[in-house]
Structure formats: C-alpha cells, structure tokens
There are 2 protein chains.
Amino acid sequence: MAETIIPKATAKRLPLYYRYLTFLANSGTTKVSSTELSEAVKVDSATIRRDFSYFGALGKRGYGYDVNDLIKFFKKILNQDRLTNVALVGVGNLGHALLNYNFRQANNIRISAGFDLNPEIAGTIQSGVPIYPMADMVEQLREQQIEIVILTVPTDAAQDITDDLVKAGIKGIMNFTPLRISVPSYVRVQNVDLATELQTLIYFLEHYGPTLKDADDAE
Amino acid sequence: MAETIIPKATAKRLPLYYRYLTFLANSGTTKVSSTELSEAVKVDSATIRRDFSYFGALGKRGYGYDVNDLIKFFKKILNQDRLTNVALVGVGNLGHALLNYNFRQANNIRISAGFDLNPEIAGTIQSGVPIYPMADMVEQLREQQIEIVILTVPTDAAQDITDDLVKAGIKGIMNFTPLRISVPSYVRVQNVDLATELQTLIYFLEHYGPTLKDADDAE
DNA sequence: GCAATATTGTGCAATATTTCGCTTTTCAAC
DNA sequence: GTTGAAAAGCGAAATATTGCACAATATTGC
Ligand SMILES: NC(=O)c1ccc[n+]([C@@H]2O[C@H](COP(=O)([O-])OP(=O)(O)OC[C@H]3O[C@@H](n4cnc5c(N)ncnc54)[C@H](O)[C@@H]3O)[C@@H](O)[C@H]2O)c1
Ligand SMILES: NC(=O)c1ccc[n+]([C@@H]2O[C@H](COP(=O)([O-])OP(=O)(O)OC[C@H]3O[C@@H](n4cnc5c(N)ncnc54)[C@H](O)[C@@H]3O)[C@@H](O)[C@H]2O)c1
C-alpha cells in the first residue's frame, strides 16, 4: 500500500512539515531551504532532507524546495485532499474541547458525529455536531462509514466501548484514556496520555541536565 | 543529577508502569511478572525488564517483582512523593478541560494557578483554581515558585507568552499549540500536538499494512 | 557563459532502542 | 533437602534513527 516504506519517525513529522509549509504559502513565500524549515519546526536540517528524500528528489540543489510543489505533494500523501470524518465517543470535558476545535481548517478533518451515554447530551447538537446515544453507535458508525474514533470516555468504560468500536469496523482509535486498550492487530491505536506526558516532563526536569534535545511529542 | 542515566525511551514509560502498579496495589495484588505487566501496558516484557534493570535488580528471579517495592521505588524517582504545582496559561476550551481534570489523584500534580487575557475569566476562580490576568503572570509564577506551565493559548500568542514564561524562570512547558516555540536550552518543551497526531494516525492507516506495532504516544 | 554561492541528496558512522536467547536465581512442592 | 518450573538479568545481535560531511548540481550575478 505504501510507495516505498517510510520510517515511522519520518511519518510522524510529515504533518508538522505540512502545516508549516501551508503557513509559508499563506504568507506568500514560494521557496524554502531545509535550514529555514529546520528552525521553524525544530528538526535537524539533515533529517528534513532525509525525510523528503524518501519521496524522491523534491528539491533543487543550490536552491531549496518549492513551497507549492511540496504542499501539492504532501497534500496527497497526507490525505489532505479529501475530508476525513471522525467520530467522538465521550462528550465530556475533553470531548467538548475537541468538538469546539476546528480541525478542518488546517487538517481537513471533521468530527462528524458524537456519542455519549448521558441522556442530557445524547440527542442534542453540540457545536454543530449531532450527539447520538450509545445504543446507536455501532449502527451510526457503520452507516456513516467512519473509520476513526476519538475516545474520551471514563477509563472504566474504555475497553468495553473499544470492543464495540471494533465490531463497528473502526480502523483507528485516538485514545485519550490512560488505559492501554486491547484491539485486534488490524486496528491502530494512538495513545494520548496527557497525565503521563506531564509526569515525563517533570521527570526530565528533575533527572536530566538542562541541555538536552528533543523528548518531544507524546511518543 | 541522575543516578545512572536512563534512556529517554525508558523515562517515557515509567509513568505508565507506575500507574499500572498502583492499580495492581489497589486491587490487592502483591507480585507481578514482566509478562503480566507487558500485557497490561503493551510493552514487550524484555523491554520492561531492561527498563527496570537500569535502576538495579528490583525483581527476584523465578518470582517476579514485588508490587509495593516497585511502587515505593518509582514513587521517589517520579516525584510522586511530593505535590507538584503547575500553572495553566490560557483558560479556553482545552484549558478548561484540563482544569477540571484531577491530575492529583493519580499523579500528585495540581494546577495551582491559571492565567488568561480575557477579563471575564481573569480574577475569577475556576474549578477551585484562581485565574489571574496576564499582567500578573510573571510575578505570580515567581512568587508561587512554579516551574512548569501548561500552555493552551491561541497559536499567535504562544511565542510572546513563552518569552515571558522564560523570564519568569519557568523550566518546563507543556505546549498544546501547534507552534514549535523557541526557548533557551535550559527550558524543556513537551509538545502535545493533537491535530498532528490525528493526522499521523490517518497516515498510518492509509500507508502501512494492518499489522504493525507501536507508533504510540505523541512521540 | 563563467565563477561564486547556495543547498540538496546521501554514504556512512554514531547513537539509540529493541529484542533474542541464555544463564542464573528463586520459589514452591514434594 | 531435592527438584522442577518460573522469571529476572543481561550480553550481544538486530533494528531504527539521527546527524556529519561532502560531492553533485542548480542558481544567480556579472
Ligand atoms: N480532562 C482532561 O484534562 C483529561 C486529562 C487526562 C486524561 N483524561 C482522560 O480522558 C478521558 C475523558 O476525560 P474527561 O475529563 O473528558 O471526562 P468526563 O467525565 O468529563 O467525560 C466523560 C464523558 O463520557 C460519558 N460517558 C460516561 N460513561 C460512558 C459510557 N459508558 N459510554 C459512553 N459515554 C460515557 C460521560 O457522559 C461524559 O460525557 C478520561 O479517561 C480521562 O482519564 C482527561
Ligand atoms: N481545543 C482543542 O481541541 C485543540 C486541539 C488542538 C490544538 N489546540 C490548540 O490549543 C490552543 C488552545 O486551544 P483552545 O481551543 O483552548 O483555544 P481557546 O480560544 O478556546 O482558548 C484560548 C484561551 O486563551 C486566552 N487568550 C487569548 N489570547 C491570550 C493572550 N495573549 N494571553 C493569554 N491568554 C490569551 C483566551 O482568552 C482563551 O481563554 C490553541 O493553540 C489550539 O491551536 C486546541
């Protein structure tokens, strides 16, 4: 399915590059060097060149990269040329914050359905997104052919709901609960463990010297 | 400052282990093997043993690890034996969700001050946390000796505010904005880039075969 | 058209991390 | 005690990722 096979570490940086490139394009910049990009996204310039090189020779030696060419290229690679619908399960504190965020603008992603147990929320429309009761979840996901879900339910409920999501044919879950959910191998889970990240930050501050690079990104 | 020097990858997993260990302790379990842990946290058992071994021989061959011993040990390592105060800058959608979350229960972390530009919020108390106007930020951070800040402001304001945070003596920033902020080398930034992670998930679904491990954690 | 300059693309070495496979130790049962 | 099974600890190989350093090549100004 993949052209060549891109290192995972590279894949994780692509959206970052893409966002900065669109920013450059919006401010009228037409060319960019790996050194300039490096400063903006805080990734070593050699790493950027290597990352790009996996996709072929996208730049011109002695000149740099054409911003619009890169955007056109990465737009396809990153599925930014079509809208991706995702669902939100658990419309509580975090869920609401995510609902209110415009993922569409920069990422062409839309939360197109929400699900919640709470009867006061289920059946309403929040920030323009219909919230369904849990009983309708599998059916709605199937019907709307949604393959990606953001999971922001209480930890206790996470595994049971996950099992239902799998039944509904979900392919990817962005999991905000601290539970490491179990899924079949064909389902991909991206854990976003905010408390852990905060603790990791504290650990680094306590145990590592002041000058140390990276440590980034939830990973 | 560090005993030995723990690989970054290991450090990132410690809070995960710690959480599961406290869960085990709460349910009355007194011993655990690397294999059992492995299933719960989805980290290879050899990796877990290696991670633990950086801190010495914490287990007993043929038996496993004593849950309470491990907890006692990691509690110190992870600063869980004392309360860590952090500040929240930008009390909007995301900020509110974080304010309402009890980091103290599992992580002994507390948001003890908030800051916001909006005069309708500044001066109030939200979820038990006083919100100050931006003009008071540097002073309050210094006074309360807060070293860690969660940054949830609009992207445009992120760099300017970061510069002030650095002036206030902040050591660590958990950055929720998509901007890669610039800081001096003695300040550590942990980026939590939700939109990017969602895009990465989509990328993996499109371009990698179904069976592939890991890719986890904002990292 | 030529020289000077900028900047890519990449071989390769360095570094980081994971995983295998085996040895050693401990525990539990008899 | 003795024995068998379980599981840690760890050397070393495998894998993944980064970053240096430089040759190759395009661009720009003259
Ligand atoms: N809020 C944060 O800042 C934060 C930080 C770190 C981790 N988390 C994690 O994110 C998850 C959500 O946190 P939150 O603060 O939004 O919680 P919340 O309690 O505010 O929201 C949970 C939502 O899920 C709904 N819900 C409860 N049981 C359900 C079920 N069985 N099926 C469907 N919906 C159900 C509730 O009605 C509620 O709307 C939790 O696992 C939490 O640990 C949150
Ligand atoms: N909400 C999400 O789900 C989400 C998702 C991905 C990324 N983010 C990022 O997180 C950040 C915050 O998002 P949000 O949705 O909470 O935004 P928001 O607009 O709801 O909240 C921002 C808050 O910052 C305050 N603010 C504005 N300018 C300020 C300044 N100069 N100084 C101090 N405070 C100021 C505002 O009053 C507001 O309370 C943004 O950078 C956004 O891109 C949010």
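About the criteria used
Residues numbered from 1 in each chain as written. Chains lettered and ligands numbered in written order. Predicted model: local features only at pLDDT ≥ 70, side-chain atom pairs only at ≥ 80, totals over all residues. Heavy atoms only, no water. Least-squares fit on C-alpha atoms with pLDDT ≥ 70 in both. Contact = heavy atoms within 4.5 Å. Near = heavy atom within 4 Å. Polar contact = N/O pair within 3.5 Å; in protein donor to acceptor, adjacent residues only side chain to side chain. Helix = DSSP H or I, 4+ residues; strand = E, 2+ residues; numbered from the N terminus. Salt bridge = Lys/Arg side-chain N within 4 Å of Asp/Glu carboxyl O. Buried < 20%, exposed > 50% of the residue type's maximum accessible area, 1.4 Å probe, protein only. Nonpolar A, V, L, I, M, F, W, Y, C, P; charged D, E, K, R; others polar. Core = buried A, V, L, I, M, F, W, Y, C linked by side-chain atoms within 4.5 Å. Areas by Shrake-Rupley, 256 points an atom, 1.4 Å probe, with all protein chains shown as cover. Phe/Tyr/Trp six-rings, centres within 6.5 Å; stacked < 30°, edge-to-face > 60°. Lys NZ or Arg CZ within 6 Å of the ring centre and 35° of its normal. Axes fitted to C-alpha atoms, helices over the stretch in contact; angles between N-to-C directions. Parallel < 35°, antiparallel > 145°, perpendicular 65-115°, else oblique. Left-handed = near helix turned anticlockwise from the far one by under 90°.

The subject of this paragraph is the relation of the copies chain B and chain A. Related by rotation about an axis and a shift along that axis, the two copies of the chain form a pair. Superposing chain B onto chain A takes a rotation of 180° combined with a translation of 0.0 Å along the rotation axis, leaving an RMSD of 0.1 Å. On the angle and the small slide along the axis, the relation comes out as a two-fold axis. Counting the interface residues of chain B, we find that 100% of their copies in chain A are interface residues as well, pointing to one common contact surface.

Close contacts around DNA strand C come from 27 residues, with Ser 34, Arg 50, Gly 62 and Tyr 65 of chain A together with Arg 13 of chain B the closest. If you look at DNA strand C and keep only atoms within 4 Å of the protein, 63% of those are sugar or phosphate atoms. Within the contact set of DNA strand C, a phosphate oxygen lies 3.4 Å away from a side-chain nitrogen or oxygen of Thr 47 of chain B. A distance of 2.9 Å is found between a base oxygen of DNA strand C and a side-chain nitrogen or oxygen belonging to Arg 50 of chain B. Among the secondary structure elements, those contributing two or more residues to the surface near DNA strand C are helix H3 (45-53) of chain A together with helix H1 (8-26) and helix H3 (45-53) of chain B.

A separate point is the pattern of salt bridges. Under the criterion given, the structure shown has 10 salt bridges over all chains. A salt bridge links Asp 193 of chain B to Arg 19 of chain A; the shortest N-O distance between them is 2.5 Å. Pair noted here: Asp 193 of chain B is in the loop between strand E9 (188-191) and helix H9 (194-207) and Arg 19 of chain A is in helix H1 (residues 8-26), and the two residues belong to different chains. Take Asp 193 of chain B: its relative accessible area is 3%, and that puts it in the buried class. Residues participating in the shared-partner salt-bridge network are Arg 19 of chain A together with Arg 180 and Asp 193 of chain B.

It is worth spelling out the protein's contact with DNA strand D at this point. The full set close to DNA strand D counts 27 residues, and Arg 13 and Arg 50 of chain A together with Ser 34, Arg 50 and Gly 62 of chain B are the nearest of them. Among the atoms of DNA strand D close to the protein, meaning within 4 Å, 64% are from sugar or phosphate groups. For DNA strand D, a phosphate oxygen lies 3.5 Å from a polar atom in the backbone of Ala 9 of chain A. One of the side-chain N or O atoms of Arg 50 of chain B is found 2.5 Å from a base oxygen in DNA strand D. Those elements that provide at least two residues to the surface near DNA strand D are H1 and H3 of chain A together with H3 of chain B. The element best represented in the surface near DNA strand D is H3 of chain A, accounting for 4 residues. Among the residues forming the surface near DNA strand D, the class breakdown is 8 nonpolar, 7 polar and 12 charged.

A separate point is the nonpolar core. The nonpolar side chains of soluble globular proteins are, as a tendency, buried together. Judged by nonpolar contacts, the single largest core of 46 residues is most densely connected at Ile 111 and Ile 150 of chain A together with Ile 111 and Ile 150 of chain B. Setting aside residues no more than four positions away along its own chain, Ile 111 of chain A makes contact with Val 86, Leu 88, Leu 98, Leu 99, Phe 103, Val 129 and Ile 150 of chain A.

Residue and element names in this part refer to chain B. Looking at ligand 2, there are 22 residues lining it, with Gly 92, Asn 93, Leu 94, Asp 116 and Val 153 nearest. The backbone of Val 91 places a nitrogen or oxygen atom 3.2 Å from an oxygen atom of ligand 2. The separation between a nitrogen atom of ligand 2 and a polar main-chain atom of Leu 117 is 3.3 Å. Burial of ligand 2 by the surrounding chains reaches 82%, relative to a free accessible area of 820 Å². Per element, the largest residue contribution to the shell around ligand 2 is 3 residues, and it comes from helix H8 (residues 155-167). Taken together, the residues of the shell around ligand 2 break down into 14 nonpolar, 7 polar and 1 charged.

So, about the side chain of Ser 112 of chain B. Residues and elements named next belong to chain B. Residue position: Ser 112 is located in strand E4 (residues 109-116). The class for Ser 112 is buried, based on a relative accessible area of 14%. If we skip the residues at most four places from it in the chain, Ser 112 touches Asn 85, Val 86, Val 129, Pro 130, Gln 144 and Ile 146.

Time to look at the packing of aromatic side chains. All names here are of chain A. Per the counting criterion, the structure on display carries 24 aromatic pairs over all chains. Between Phe 52 and Tyr 65 the ring centres are 5.0 Å apart and the planes differ by 90°, which places this aromatic pair in the edge-to-face class. Here Tyr 65 lies in strand E2 (residues 65-66) and Phe 52 lies in helix H3, a separation of 13 residues in the sequence. The burial state of Phe 52 is the same as that of Tyr 65; both residues are buried. Taken together, Tyr 17, Phe 52, Phe 55, Tyr 65, Phe 73 and Phe 74 form an aromatic cluster joined through their ring pairs. Taking NZ or CZ as reference, Lys 31 lies 4.7 Å from the ring centre of Tyr 63, over its face. When the ring centre of Tyr 63 is taken as origin, the NZ or CZ atom of Lys 60, which lies over that ring, is 5.7 Å away.

Below, the discussion takes up the packing of helix H2 (residues 34-41) of chain A against H3 of chain A. Residue and element names in this part refer to chain A. Contact pair H2 / H3: the axes reach a minimum separation of 8 Å and the direction vectors enclose 110°. In terms of axis orientation, H2 runs roughly perpendicular to H3. In this structure, H2 crosses over H3, and the sense of that crossing is right-handed. Contacts from Ser 34, Thr 35, Leu 37, Ser 38 and Val 41 of H2 reach H3 at Ser 45, Ile 48, Arg 49 and Phe 52. Its residues assigned to classes, the contact of H2 with H3 shows 4 nonpolar, 4 polar and 1 charged.

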